[in-house]
Amino acid sequence: MNLDGVLFFPVTPFAPDGSLAGDVLAEHVARGMEHGPGGVFAACGTGEFPALSEAEHAAAVRVTVKAVAGRAPVFAGAGGPLGAALNQARAARDAGADGLLLLPPYLAMGPWRGFAAYVRAVAEVLPVIVYARGPVVPTPEQAVELAATSGVIGLKDGVGDIDLIRRTVLAVRRAAGPGFTFFNGLPTAELTMAAYRGAGVGLYSSAVFAFAPEIATAFLRGENAQELLTEFYEPFSRLRATVPGYAVSLVKAGVRLRGLDAGPVRPPLVDAAPEHVAELSALIERGLALVAG
Ligand SMILES: O=C([O-])C(=O)C[C@H](O)[C@@H](O)C(=O)[O-]
């Protein structure tokens, strides 16, 4: 499966009564598709995976697959208890998704061979990209083992240790060739792409794509990239770091600012404060001006 271009992580919109707003999600994904993302990742971190019931997760994936309509590979978030991850995997497969982003398990973390068995079980249902983050930080040897596991097709790096990622890419390429996918999945990945490219990783997820695809795709093309880094991405990254959970809340606020009522975030996240939304609004204006100019 070829992932190429900016990777789009949609938010999951909620209606005023708190239910999942499938029609708004369809519109959100359709708007993103006009800008040609390389892959679409439904109900992942940005899509508030931890706040969705299994039924809502399945509905979000169905809506996304329909809105993408075969124009890009669709991945669904999966994770948590093994039974839940398997149900999410089956629902994603039945919805027509191409693969899964397997989020790290929480609270119960066994030794590596236990995690490897967890990954194997889920990867029997649909191809899996493993999200390296928190308790899951594979060594190069463990990444080679993952790459040799049937159904495991990639690694999303959310750790940011460039020395480790460089050694991991070299080891996996040596053992498994070029087919295994790596991507930079750090928050606001654009900021660190120069380093990742140097480490052999050219693909990245973009939170910004969800609310300002014009900016995200201009950056990918290298247009005004240095100005975008200093005047848009760096201040945006700083704002995202001010309150826990803003990595997601500000993306949803951005979607609302661009005219789509994606509703609030669900607990335990909190919505961005009005002064932070105002800052974001000014940043988006600045970013759009740089792209237009
Ligand atoms: O699971 C998720 O939603 C992500 O980690 C993807 C995001 O786009 C991430 O790259 C970010 O927050 O900037």
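Residues numbered from 1 in each chain as written. Predicted model: local features only at pLDDT ≥ 70, side-chain atom pairs only at ≥ 80, totals over all residues. Heavy atoms only, no water.

Draft legend 1. Fine view of the overall build of the protein chain. On a plain count of helices and strands, the protein chain comes out with eleven helices and eight strands. In terms of overall size, the protein chain behaves like a compact globule, its C-alpha atoms giving a radius of gyration of 18 Å where 293 residues would be expected to give roughly 19 Å. The principal-axis extents of the C-alpha atoms in the protein chain amount to approximately 45 × 45 × 35 Å. Counting every position in the protein chain, which comprises 293 residues, the buried fraction comes to 56%. Contacts spanning at least 24 positions in sequence make up 72% of the contacts within the protein chain whose residues lie at least 6 apart. (Helix = DSSP H or I, 4+ residues; strand = E, 2+ residues; numbered from the N terminus. Rg over C-alpha atoms; globule rule 2.2 N^0.38 Å. Buried < 20%, exposed > 50% of the residue type's maximum accessible area, 1.4 Å probe, protein only. Contact = heavy atoms within 4.5 Å.)

Draft legend 2. Fine view of the site of the ligand. In the region of the ligand, 14 residues are neighbours, and Gly-45, Thr-46, Lys-156, Ser-205 and Arg-240 sit closest. A distance of 3.2 Å separates an oxygen atom of the ligand from a polar atom in the backbone of Leu-186. Summarising the interface, the protein chains cover 95% of the accessible area of the ligand, which totals 340 Å² for the free molecule. When atoms are counted within 2 Å of each cavity's grid points, the one that captures over half of the ligand is the largest pocket. Grouping the amino acids of the shell around the ligand by side-chain chemistry returns six nonpolar, six polar and two charged. (Near = heavy atom within 4 Å. Polar contact = N/O pair within 3.5 Å; in protein donor to acceptor, adjacent residues only side chain to side chain. Areas by Shrake-Rupley, 256 points an atom, 1.4 Å probe, with all protein chains shown as cover. 1 Å grid on protein atoms, 1.4 Å probe; cavity = no way out; pocket = protein on both sides within 12 Å on 5 of 7 lines; lining within 4 Å. Sits in = over half its atoms within 2 Å of the grid points. Nonpolar A, V, L, I, M, F, W, Y, C, P; charged D, E, K, R; others polar.)

Draft legend 3. Summary view of the packing of helix 2 (residues 54–68) against helix 3 (residues 82–95). Interaxial distance between helix 2 and helix 3 falls to 9 Å at its minimum, and their mutual angle equals 25 degrees. Judged by the inter-axis angle, helix 2 sits roughly parallel to helix 3. In this structure, the crossing between helix 2 and helix 3 has a hand that is right-handed. Mapping the contact onto sequence places Glu-54, His-57, Ala-58, Val-61, Arg-62 and Val-65 in helix 2 and Ala-84, Asn-87, Gln-88, Ala-91, Ala-92 and Ala-95 in helix 3. (Axes fitted to C-alpha atoms, helices over the stretch in contact; angles between N-to-C directions. Parallel < 35°, antiparallel > 145°, perpendicular 65-115°, else oblique. Left-handed = near helix turned anticlockwise from the far one by under 90°.)

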